[in-house]
Amino acid sequence: MITKTITVEIPAGLEVRPVAVLVQVANQYNSSSIYVESGNKKVNAKSIMGLMTLGLRAGESVTVHADGSDEEDAVAKIEAYLTGRAVINARA
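Notes on the structure follow. (Residues numbered from 1 in each chain as written. Predicted model: local features only at pLDDT ≥ 70, side-chain atom pairs only at ≥ 80, totals over all residues. Heavy atoms only, no water.)

## Things to note about the overall build of the chain
- A count of helical and extended segments in the chain gives 3 helices and 4 strands.
- In sequence order, the secondary structure elements of the chain are arranged as β-α-β-β-α-β-α.
- In terms of overall size, the chain behaves like a compact globule, its C-alpha atoms giving a radius of gyration of 12 Å where 92 residues would be expected to give roughly 12 Å.
- Its C-alpha atoms put the chain at 30 × 30 × 25 Å along the principal axes.
- Scored against the burial criterion, the 92 residues of the chain give a buried share of 43%.
- For the chain, contacts bridging at least 24 residues in sequence account for 70% of all contacts bridging at least 6.
- Accessible area for the chain stands at about 5200 Å²; split by element, carbon and sulfur atoms hold 46% of it.
- Side chains of the chain carry 9 positive and 10 negative charges; the gap between the two charge centres is 7 Å. (Helix = DSSP H or I, 4+ residues; strand = E, 2+ residues; numbered from the N terminus. Rg over C-alpha atoms; globule rule 2.2 N^0.38 Å. Buried < 20%, exposed > 50% of the residue type's maximum accessible area, 1.4 Å probe, protein only. Contact = heavy atoms within 4.5 Å. Areas by Shrake-Rupley, 256 points an atom, 1.4 Å probe, with all protein chains shown as cover. Lys, Arg positive; Asp, Glu negative; His and termini not counted. Charge placed at Lys NZ, Arg CZ, Asp CG, Glu CD.)

## Points about the nonpolar core
- Counting 27 residues, the largest nonpolar core has Ile-34, Leu-51, Val-62, Val-64 and Leu-82 as the members making the most contacts within it.
- Secondary-structure elements contributing two or more residues to this core are helix H1 (16-27), strand S2 (33-38), strand S4 (61-67) and helix H3 (71-82).
- Broken down by element, this core gets its largest block of residues, 6 residues, from H1.
- If we skip the residues at most four places from it in the chain, Leu-82 touches Ile-6, Thr-7, Val-8, Glu-9, Ile-10, Leu-14, Leu-22 and Val-62. (Core = buried A, V, L, I, M, F, W, Y, C linked by side-chain atoms within 4.5 Å.)

## Some remarks on the packing of aromatic side chains
- This model, assessed by the stated rule, comprises 0 aromatic pairs.
- Over the ring of Tyr-35 we find Lys-42; its NZ or CZ atom is 5.5 Å from the centre of that ring. (Phe/Tyr/Trp six-rings, centres within 6.5 Å; stacked < 30°, edge-to-face > 60°. Lys NZ or Arg CZ within 6 Å of the ring centre and 35° of its normal.)

## Overview of the side chain of Ser-33
- Its location among the elements puts Ser-33 in strand S2.
- Classification of Ser-33 as buried rests on a relative accessible area of 15%.
- In contact with Ser-33, not counting residues within four places along its chain, are His-65, Ala-66 and Asp-67.

## Focus: the environment of Arg-85
- Summarising the element assignment, Arg-85 is placed in the segment after H3.
- Taking C-alpha positions, Arg-85 is 24 Å from Met-1, a pair spaced 84 residues apart along the chain.
- With residues up to four places along the chain from it excluded, the contact list for Arg-85 reads Glu-79 and Ala-80.

In short, the description is geometric, and any link to function would need to be established separately.
What follows is the structure in structure tokens.
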């Protein structure tokens, strides 16, 4: 299992479209579990509804947990997306 704290740097925070893209990113990986934690809430990163309940804004920190064969790649790609270092286009 790998755990990493990441600061959200997406200017709009995690509104509907950025959450949808984050779910797409998480779903690219086979890791058995990928979670995003903020405060006392821990939600599945592959769940749009779960992520929407976090109501994250730019500048807030989250902790990402991943467990599985590609956990390091999953966390690295999620970090790149949340920090704005990787632009990932959502499919319409």
